[in-house]
Amino acid sequence: MRQIAFREALREAMNEEMRRDDRVFLMGEEVAEYNGAYKVSQGMLAEFGPKRVIDTPITELGFTAVAVGAAQNGLRPIVEYMTWNFAVLALDQILNTASKMLAMSGGQIGCPIVFRGPNGSAGQLGAQHSTAFESYFANIPGIKVVSPSNGYDAKGLLKQAIRYEEDPIMFMESEVMYGEKSEVPEEEYYIPIGKADVKKQGNDVTIVSYNKMMKVALGAAAELEKEGVSAEVIDLRSIKPLDWHTIVESVKKTNRLVIVEEQWPMCSVSSEIAYRIQKEAFDFLDAPILRITSVDAPMHYAPNLVNLYLPDVSRTVKLVKDVMYMKK
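Here the structure is a predicted model, which is why all the values come from computation and not from measurement.

**Q** How would you explain the side chain of Asp-243 if you had to name every residue and give the values?
**A** Tracing the backbone shows Asp-243 in the loop between strand 12 (238-240) and helix 10 (244-254). A distance of 2.9 Å separates the side chain of Asp-243 from the backbone nitrogen of Ala-196, its partner in a polar contact. Here His-245 takes part through its backbone nitrogen, which lies 3.3 Å from a polar atom of the side chain of Asp-243. Residue contacts for Asp-243: discarding those within four places in its chain leaves Gly-194, Lys-195 and Ala-196.

**Q** Lay out the packing of helix 1 (residues 6-20) against helix 8 (residues 151-163) in plain terms, naming residues and giving numbers.
**A** Taken N-terminus to C-terminus, the directions of helix 1 and helix 8 make an angle of 25 degrees; their axes are 8 Å apart at the nearest point. What the angle tells us is that helix 1 and helix 8 run roughly parallel. When the axes of helix 1 and helix 8 are compared, the crossing they make is right-handed. Here Phe-6, Ala-9, Leu-10, Glu-12, Ala-13, Met-14, Glu-16, Glu-17 and Arg-20 of helix 1 lie close against helix 8, whose contacting residues are Gly-151, Ala-154, Lys-155, Leu-158, Lys-159, Ile-162 and Arg-163. Here the contact of helix 1 with helix 8 is built from residues that sort into eight nonpolar, one polar and seven charged.

**Q** Describe the packing of aromatic side chains, naming the residues involved and giving the relevant values.
**A** Throughout the structure, instances matching the rule amount to 11 aromatic pairs. Here the aromatic rings of Tyr-164 and Tyr-190 are separated by 5.2 Å at their centres, their planes lie at 70 degrees, and the arrangement is edge-to-face. Here the residue Tyr-164 occupies a position in the loop between helix 8 and strand 7 (169-173), and Tyr-190 occupies one in the loop between strand 8 (181-184) and strand 9 (197-200), the gap between them amounting to 26 residues. A relative accessible area of 43% means that Tyr-164 is categorised as partly exposed. Look at Tyr-190 and you get partly exposed, because its relative accessible area is 21%. By the ring-pair criterion, three or more aromatic residues cluster together here, those being Phe-63, Tyr-81, Trp-84, Phe-115, Phe-133, Tyr-136, Phe-137 and Trp-264. For Lys-39, the ring lying beneath its charged end belongs to Tyr-34, and the centroid distance is 3.7 Å.

**Q** Tell me about the sheet that holds strand 13 (residues 257-260), and please be specific about residues and values.
**A** Read from one edge to the other, the open sheet built from five strands follows the order 9-11-10-13-14, with strand pairing classed as mixed. Strand pairing shows two members of the sheet lacking a second neighbour, strand 9 and strand 14 (290-292), which therefore form its edges. Averaged over all pairs of adjacent strands, the angle between strand axes in this sheet comes to 25 degrees, irrespective of strand direction. Bridge analysis of strand 10 (residues 205-209) against strand 13 gives three bridges, and the strand direction is parallel.

**Q** So, the sheet that holds strand 4 (residues 76-80): which residues are in play, and what are the values?
**A** Within a sheet, each strand pairs with its neighbour through backbone hydrogen bonds, oriented either parallel or antiparallel. Spatial strand order, 3-2-4-5-7-6-12: seven strands in an open sheet with mixed pairing. Edge positions in the sheet fall to strand 3 (53-55) and strand 12, since each has one partner strand and no second. Between one strand axis and the next, the sheet turns by 20 degrees as a mean value, whatever way the strands run. Here strand 6 (residues 144-146) runs beside strand 7; their pairing, made up of three bridges, is parallel. Bridge assignment links Lys-144 to a residue of strand 7, and that residue is Ile-169.

**Q** Break down the layout of surface pockets for me, citing the residues and quoting the values.
**A** One number sums up the size of the largest pocket: a volume of about 260 Å³. Looking at the largest pocket, it is lined by 13 residues, and the ones nearest its centre are Ala-138, Asn-139, Ser-268, Val-269 and Glu-272. Where the lining of the largest pocket is concerned, the elements lending two or more residues are helix 7 (134-138), strand 12 and helix 11 (269-281). Class assignment of the residues belonging to the lining of the largest pocket gives a composition of seven nonpolar, four polar and two charged. In this model, the second largest pocket occupies a volume close to 170 Å³. Around the second largest pocket, the lining is made up of 15 residues, and of these Ser-149, Asn-150, Glu-180, Lys-215 and Leu-218 lie nearest the centre. Breaking the lining of the second largest pocket down by element, the ones donating at least two residues are strand 8 and helix 9 (213-226). Of the residues forming the lining of the second largest pocket, the biggest block, three residues, is contributed by helix 9.

Parameters and conventions
Residues numbered from 1 in each chain as written. Predicted model: local features only at pLDDT ≥ 70, side-chain atom pairs only at ≥ 80, totals over all residues. Heavy atoms only, no water. Helix = DSSP H or I, 4+ residues; strand = E, 2+ residues; numbered from the N terminus. Polar contact = N/O pair within 3.5 Å; in protein donor to acceptor, adjacent residues only side chain to side chain. Contact = heavy atoms within 4.5 Å. Axes fitted to C-alpha atoms, helices over the stretch in contact; angles between N-to-C directions. Parallel < 35°, antiparallel > 145°, perpendicular 65-115°, else oblique. Left-handed = near helix turned anticlockwise from the far one by under 90°. Nonpolar A, V, L, I, M, F, W, Y, C, P; charged D, E, K, R; others polar. Phe/Tyr/Trp six-rings, centres within 6.5 Å; stacked < 30°, edge-to-face > 60°. Buried < 20%, exposed > 50% of the residue type's maximum accessible area, 1.4 Å probe, protein only. Lys NZ or Arg CZ within 6 Å of the ring centre and 35° of its normal. Pairing = 2+ DSSP bridges. 1 Å grid on protein atoms, 1.4 Å probe; cavity = no way out; pocket = protein on both sides within 12 Å on 5 of 7 lines; lining within 4 Å. Points joined across faces, edges and corners; volume = space filled by probe spheres on them.

Spelled out as structure tokens, the structure:
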């Protein structure tokens, strides 16, 4: 094992799969000559050349359409969006073509393609660069949504997506995590999409989260430990398919559930989890399911409003105490 940055883990995943399979290529804005807007693709142009690491114009709909056509003709593209906020410009190709072609062609034409890039807020970037899109894309049949919280998971899941998945994959990263380091093995490994991971064992309450909100979940669990509360923390890793079984088994043990996410509250990932757990594990719940999300509003630029907008450790701890019926 060695400590490498999140961006390096992503780069290793792409490099390894591109060396193995010459059908795999990367395209997006500034991925080649500039080495990537976030330096994820640093050095890849020098190794693979301009036919496999392709700088595109600022035309998300256009280059997404090129990638979709390439995937339908036997190639395995990786499309990098500078931010998932810009991917809405390509929603016609994602929603009306990539996600539906397998069904519309009677199983004859697939679309093995990975769409990836930074998702959600990254500080003071304003409303148009700060939306979290997991629940948006999870609502579309025919695609899978992955949202890792660390470099180890990111590399294994990205390799799985590039090599083995025949469906379009929405691979949601976080700009604020690109420089964060985690332990990643040198040997090759893959992580199946659709399997959550229990990051911390506990007995009193289950906390579920994903992506960078895992920091909040684990931070809250650490604070609660000081007060004698043992929290089990689950990292979803995959939003669609969603690993219900791991959450249900945890709730059977802890009897309480708190969900932490960056989505807006309406029709969010936590909404779906809350419905499914009350359906599958109602008799095991000793308290209502509670959640903390971002505020139901565009994210403002002012730093005090940014802090109020996003879930944090202190409010998550309070929520857990509420579900535990603990005195304030």
